[in-house]
Every structure is written in structure tokens, then in C-alpha cells.
Amino acid sequence: MNPQLEHILSQVKKPARYTGGEWNSIRKDWDRTEIKTVFAFPDVYEVGMSHLGLHILYDIVNSRRDATMERVFAPWPDMAGQMRDNNLPLFALESQRPIKHFDIVAFTLQYEMSFSNILYMLDLAGIPLLSSQRNEGDPLVIAGGPCAFNPEPIADFIDLFVIGEGEDVINELLDLLLAGKQKKLKKNELLLKAVEIPGIYVPSFYEVSYGADGAFLGIRPAHPDVPERVTKRVVKDLDAAPFPLKPVVPITAAVHDRMMIEVFRGCTRGCRFCQAGIIYRPVREKKPETVLRQAAELVNNTGFDEVSLSSLSTSDYTPVLDVIKAITNEHAGRGVNVSLPSLRADQFSMELAREVQRVRRSSLTFAPEAGTQRLRDVINKGVTEDDLMGAAGAAFKEGWQAIKLYFMIGLPTETDDDVAGIARLAGEVLALGRKSGVPRKRLKVTVSVSSFIPKPHTVFQWEPQELLGSLRSKQDALSSQTRERGLVLNYHDANLSFIEAVFARGDRRLGNVLIKAFELGCRFDGWSEYFNIKLWLEAFRLAGIDPEAYAYRRFSYDDPLPWSHIDTGVSRQYLVLEHKRAMAGAVTPDCRSGNCPGCGLCPAFEIEPFYAGSDL
Amino acid sequence: MPRYRMMYAKEGPAKYISHLDLIRAFERAARRAGLPFAFTQGFNPHPKLSFAAPLAVGTAGEAEFADIELSTNIAAGVVAKSLSSAMPEGLRLIEVRPVAQSAPALMAMVDRAVYTARAVLADPPQNETLRGAIDSFLARPQILVERRSKTGEKRKCDIKTGIFMLSASMNNDIIELVAELKTGSSGNVKCEELITAFMEESGLRAREGFALSRRALFSAGRSAREMLW
């Protein structure tokens, strides 16, 4: 480690974030590796290292002989200050080389409020922010992840987006880059070749038109060889897809400090607010034998004491119980337990409860999302109050003393009665805990309430966000309704949800706002200690853009949408139909039931949902 | 349950691992090495691992000590070999020895530590001047340092009785301090606070920070001091 960095590290908090050298990290011979890429996570190390996508791509790229992938995270502001004072540009953890010396800087877009950190990191790296300002010597700045499904708000800063699942595309892109290097292609020539790869979107090849009143009119290719719409990429067979069995083990505790095994991708439920449920279709389950083999290798290769079976809804995994039993039987002796992310209350049983706590008890989270059956039907959540009480009862009987519940406020059609329903449900779970004999001092029901954000490509994409003032009064109402001992209410800052909605639904004009916000000092906006609504409002004012017009706009079905050139494979007709059913309070059955709701994805991709049987 | 004592170095990137993360790093290394842990009882069982004395983040350790308990008897050499190959960069296992079940805990044994501290000085003094500064520093009736209590209140502490030895030498413009300090649950003296107090007293100025290393840990032995084996 160079002495300058050593000196800086002695001045900052949590220096282990910046040292690298973790178990399973890969340091390649710089001069003998043709393509150098760096995975850039626009948040701090502990958050970024919890992201499975990083580990997947790190594994794929580093298993090639001709390429390397290193990692970089957003340095905490104390570190950034030291780096600026000492003229140390943003560097990658493995080689400690400046990231501007790499061929590709690949950002992941996990949440809109990390956009400001992309500018913050480019600036720290000494890479010009705007792709139009970068020249041949600068790295190609690319991005992927869920927020790439509406890439427009950050289109000015990104040379190329990968839409959809990155496993296959990344290799095609690296092959192209390798060929481009040998042929000494200019950046623009390379980008023109890149758009021939399905799933690649190069924003500079498109032009956006606006009406005289400022309305967004549409986005069209500005070049003859560029597709009108970019369709997402899908991995066909999850069992055959590469999966990281030697992931980097964080040296300082990550937010999710455990092994992650993805048991399936996609979700069959069709919740109408959920973007992941659309963009990761169709459901592809992993075979149980694959999961068990991966678990065994991961225990040996990482030394973690917990396996998280991850997916959008793990209790829906067909062989879930058999797989949990088998993993626990095999690894409990080494102190390894299984944990599950938030669960569906209608799929939680006493047996499942018993299995997930054989080694040590982890927290238990259910997500009813709304307080009344009427509203749960509108959002197509399906879960009933009986389901929730049954699940909570099973959990209390099996020894849990604390349960977390996730809800949303501001959902379309929501009334005060629906909001009061949240407090009422939480109170009933609490009463059930008491009745089940959980000691009063220990009993805790945590109610986490987020504010609904209408996300692109969802059934609710046309809906406006609820007014800030109204969200706040709903939060106040909930506070006064959840005063009982044992109830803990958490809610998100409504201001943050407002800005998030603007960027979720935004168009390319928001690039200017991001620049102003960055110049005013916005960064780490996902962190309440750094998010500053005044700075954001000032940025909008300086850019001459009205944020309310973005967050509160109700689109009609025929309005052009800023994200309509990105194709998820789910048809517009289906979304329209589902939206009408939502307004009528009609429930649509789970696609797993065999009643195909007709979203159009399977025929478009010549693919089918895959459900794993269990031979365990 | 068989108990083993490990001597290891914590250097390079591992210098920056906090104590809590270090415990996890050892636990994970032992699991990767396939060693059969003994677990604590209770709701959240964890491997039986205990450390002699936490090291400040950023300070290297050249001969640190920790104990691990296993559920079956394994030759110490085998434990050493398998664990060595499972340690992350900068954590280097030096030696493993079996210890008796009845042996006192490392935390109870440790009594003092030897540190070295190096820094580039802005105005390097003559060796004689430096010696004078050390002598007058140690001759003070009290050596007061500022500490914060858990509630954040500042208070003055006298560390004089916890300084067993302090020497200094110059090599060009680099100062090297060697200190033997009281270490453990009572009367513990941090190397950083000693350096701060000395630099204040002597009027010397380091260009950048000090590079610190804990060279050895000792118990209060029968005659003088002994290693923690």
C-alpha cells in the first residue's frame, strides 16, 4: 500500500472500506490483461458488498483470461475530503489504480437516490461527468440494474446501458471491446457496433422531442442503424447460468453479511405496484440439487455462518421446505443457519418457522403492504388478514418475540380507513402475541411504512404520487394510532420519496437537475444524514424544472412515456387491462396457478416459467 | 474441549480491520479451514474464540494472541496448517500450540505490550536533544492525557505508572519511539495517547501521522515478563 494512502487511512472512519485484500478478491496482472473493467457501486462499501449482482459479474469477468473486474464504492465524505486534499483520485480496491485508467467503469443502478453519487464518484475519479465531454482516452461509462429500465434521467452521464439481466451481455460486450481495441475503433464506432447487441441502449443515438408547452412527446433513434426499442435480456436457464461460488468475503461487516443463493428469479404474483415483478419475469426456479451444491461450496469457500435463500418471494419457491431442511441437516453442525428475506404470510407455516430457526433465530418479516382487504385487492397482493394472523400465530408459537411488518401509504385509491387499517392490523398482531404468551417486555411488532412511488413499467405507471402534505398527514395519523406499548412505527422521509418519484418517472431534462444538485453538494441521498430537500429544490429551481410536474402527473393510457423505448416484454395492453382491474378492485390470479393472465412475456421471449420439482 | 493458542501477525491491509471484524474474520477462516468449532450456548451460538487484547485500528500487530476451542482433538500442527491457508491478506498465522483447559484466559494474562512508532519529523532534533526530551518527559510527576468517558465527557488521566519504558532514536529525519506500556482491563495505556503527550511536551512535529506497530504482548511473569504461551 502506498504511504500516501496509509496516511489517509489513518485519518478516516472505517478505513477497511478502502483497503481491499479480502478473501476471494482477485488481483490480476495489470499488464497482461487486455480489458480492465471496474464495477462501481454508487454507495458505501457495506451496502455495495451486499449486492448479489456485483458478485455475479465479478465472477463472470474474472473467470475470463483476457479481462479483469475490480471494485470501487462511493467513499464516505470524510474519505472523499482526504482524497481531494491529497490529490488522490478515486481508485479501485484490487490494484489501487485510478478508475480513470480502466477501459470500462460499470455502475449499477439499484435505486434512484444513488444517482447523485454517480456524479460524485465520476468527479472524484477525474472523469468528465457528461458523456459528451469525455474523449477517447476516458473509460467507457456503462450502467445496468433495475433503474436502467428508465435510463433517461441519467442518460447524459452514461455512454451505454445494459437493459435486463447482465450474465450473457457482459461477455458479448467484452468480446466487442476486445475486437474494437484490436481494430483501434473510435468510441463512437464501438458504440454503433454495441447497439447490435440485444439489450444495449446508447442514449446518444436517440433524440427526444418536447412540445411547446414542455410536454414530453417521444424519443426516437437519431441514427439509421439503431433500434427503435431496446428489449431487456433474459437468462433462459438459471441452473446453467454462472453463479459466484467464491464471492469476495467483506472484511468489514456488510449490511447483508451472509452467503446469498438466488433460488429463483422473477415472481409470479403480479402485485401491481411492483417493478421487480415485471422486469424480472418470467419465474425461473433453480433446481434443489443446484441450490444444495452451491450451498455446500459457499460454506467451504466463504466461511459465513448464514445462508440467505434470496429471491423476490422465497416462500413461493416450490421446494422451499425440503431445501431448507437439507441445508440445515448438512451444515448445522458447523453453525450455519438459513435465513429468508421478507415472507408472504399466506405461504408461512409452523413447519417453515421451525426449520429456519434450528441454529439461530433470525428476524421475521411479513409484507401485507396495505391495511385493508379492499386495498390489498386493488394492489393484487392477495394475502388476507387470516393469512397474516395465521403466520404471526405460528411464529409466536415457535418462539419468535418480534415481528416486522411492511406497509405502504399513498397507494392508488387509498382512503383514511385503509391507513387506519395498518394500525389496526399491527395492533391485532400485537394482541395475538400477548395471547400467545410472549412476555410483554419482549414482544415487539415493528411497522415499517414506506410511501408508494409509481414506477415505470408497472400497472400503476400512469398514476401520480400522492401529494407530500397528504403523505405527511397519513404518517401523523399512523403515529397517533400506534402508541401502544410494543408497537414501533418507522416511516420514510416523504421528501425523499418525492424526489425518488421525480427521478423514477423522469426524462432526460433531469440530467441538468442532477448536475446542479451535485454542484450544490448533494450526495449519499439514500442516507438521512445527508439527504437535504432544500438543496434538491434549489437544484430544480436553478435548472428551471418543476419537480411536482413529474411526481404528480397522471398519465393517460395514450400519453407517450419517457421509458416507452425500453421493452420489458410485458405488453402495454396487459398493463392497461390490469390497471382497469385494479380500479375495479378485481384480483388477478397468480400466474403459477395455471391461469395465464396474458402479460405477453413468454411468447415474446419464447420462454416459459420454470418450477423446480423436489426429489430430495 | 481442546483449546489452542494462536500467535499471529496483523499487518498490511489487515491493520485496518476493527476488533469486531477481526473476530468474524477468524471465525470465517476457521470455518473455511474445516475446523470443528466448539460453540457457545444460547440463542445465538458462536464459536469459542478469545483474544488477548484488542488492537487499535491502523496499528499493526507483529505477535498477537488468540485462543480457539474445538470440539475434537486435532494436532496443533494440523490446525496451524489448515488455518494458515484460509486467512485473508495481512493476517498471518505464526504458530499454534495446544493449551490446557485450565490455563488462564488470555485477557487475564496480558499485562504489558511493546510498541514501536515511526514518523517523519518536520524539524529533526539531534540525538542528544531527543534523549533530553525523553528524560524530562519521564521525570514529570504526572503524565496527563485526555480521555472521553462512555457518555462523551472529557477527563484527565495520569498514565505515568503505566509507562514501563520509553526510548527514542533518530534515523535521518525519521523518529522511532519504542514503548512498553501497561495493557489489559485495568490501567491500560494506549500508544497513541502516549505519543500525543510526548510530542506536546517535546515540541516536536511529525510531518504526517505515526506508523504504529505492537511488537509483542507479555504477561506479568514471575521474574520479569513472559510471552503469552
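Residues numbered from 1 in each chain as written. Chains lettered and ligands numbered in written order. Predicted model: local features only at pLDDT ≥ 70, side-chain atom pairs only at ≥ 80, totals over all residues. Heavy atoms only, no water.

Draft legend 1. Here's a closer look at the layout of surface pockets. Taken as a whole, the second largest pocket holds about 730 Å³ of empty space. Around the second largest pocket, the lining is made up of 29 residues, and of these R118, G209, F210, A211 and L212 of chain B lie nearest the centre. Listing elements by their share of the lining of the second largest pocket, those giving two or more residues are helix 1 (3-9) of chain A together with strand 3 (60-69), strand 5 (110-120), helix 5 (191-202) and strand 10 (211-220) of chain B. For the lining of the second largest pocket, the element with the most residues is strand 5 of chain B, which contributes 5 residues. (1 Å grid on protein atoms, 1.4 Å probe; cavity = no way out; pocket = protein on both sides within 12 Å on 5 of 7 lines; lining within 4 Å. Points joined across faces, edges and corners; volume = space filled by probe spheres on them. Helix = DSSP H or I, 4+ residues; strand = E, 2+ residues; numbered from the N terminus.)

Draft legend 2. The arrangement of the domain arrangement of chain B in detail. Residues and elements named next belong to chain B. Annotation of chain B at the domain level lists domain 1 (3-103) and domain 2 (109-226). Each of domain 1 and domain 2 has a C-alpha centre, and the two are 28 Å apart. In this assembly, 14 residues from domain 1 lie in contact with 11 residues from domain 2. For the pairing of domain 1 and domain 2, the buried interface totals around 930 Å² over both sides, and the portion due to carbon and sulfur atoms is 47%. At the junction of domain 1 and domain 2, the tally comes to 2 salt bridges. (Domains from an automatic or database assignment. Contact = heavy atoms within 4.5 Å. Buried area = accessible area lost by both parts, 1.4 Å probe. Salt bridge = Lys/Arg side-chain N within 4 Å of Asp/Glu carboxyl O.)

Draft legend 3. View of the interface of chain B and chain A. Taken together, the contact pairs 25 residues of chain B with 31 residues of chain A. For the pair chain B and chain A, the summed buried area comes to about 2200 Å², and 51% of that belongs to carbon and sulfur atoms. For the pair chain B and chain A, the interface holds 4 salt bridges. Across the pair K15 of chain B and E6 of chain A runs a salt bridge, and its minimum N-O distance is 2.6 Å. Taken together, the links from chain B to chain A amount to 11 residue pairs in polar contact (both at pLDDT 80 or more). Residues belonging to the side of chain B that touches chain A are distributed by class as follows: 11 nonpolar, 5 polar and 9 charged. (Polar contact = N/O pair within 3.5 Å; in protein donor to acceptor, adjacent residues only side chain to side chain. Nonpolar A, V, L, I, M, F, W, Y, C, P; charged D, E, K, R; others polar.)

Draft legend 4. Main features of helix 13 (residues 385-397) of chain A. Residue and element names in this part refer to chain A. Here helix 13 contains 13 residues, and its C-alpha end-to-end distance of 18 Å stays within 8% of the 18 Å for a straight helix at 1.5 Å per residue. Those residues of helix 13 that fall on the buried side of the exposure criterion are L388, M389, A391, A392, G393, A394, A395 and F396. Among the structural elements, helix 11 (350-355), strand 15 (365-369), strand 16 (402-409) and helix 14 (416-435) are those in contact with the buried residues of helix 13. Directly beyond the C-terminal end of helix 13, a positive phi value near 105° is found at G399. (Expected span 1.5 Å × (residues − 1). Buried < 20%, exposed > 50% of the residue type's maximum accessible area, 1.4 Å probe, protein only.)

Draft legend 5. Here's a closer look at the pattern of salt bridges. Per the stated rule, a full pass over the model turns up 60 salt bridges over all chains. Of the charged contacts in the structure, one is a salt bridge between E172 of chain A and R233 of chain A, with a shortest N-O distance of 2.8 Å. Remark: R233 of chain A occurs in the loop between strand 9 (230-231) and strand 10 (259-262) and E172 of chain A occurs in helix 6 (residues 166-182); sequence separation between them is 61 residues. A relative accessible area of 30% means that E172 of chain A is categorised as partly exposed. R233 of chain A gets classed as buried once you look at its relative accessible area, which sits at 14%. Across the salt bridge formed by R112 of chain B and D111 of chain B, the nearest N and O atoms sit 3.1 Å from each other. Among the residues examined, D111 of chain B registers a relative accessible area of 10% and is labelled buried. One network of salt bridges, in which partners are shared, links E165, E167, E262, R265 and R284 of chain A.

Draft legend 6. Looking closely at the side chain of S50 of chain A. All names here are of chain A. Here S50 is to be found in the loop between helix 2 (45-48) and helix 3 (52-62). Taking relative accessible area as the criterion, S50 reaches 9% and is therefore assigned buried. Within polar-contact distance, the side chain of S50 engages the backbone nitrogen of V255 at 3.2 Å. A polar side-chain atom of S50 sits 2.9 Å from the main-chain amide nitrogen of H256. With near-sequence residues (within four places) excluded, S50 lies in contact with A254, V255, H256 and M260.

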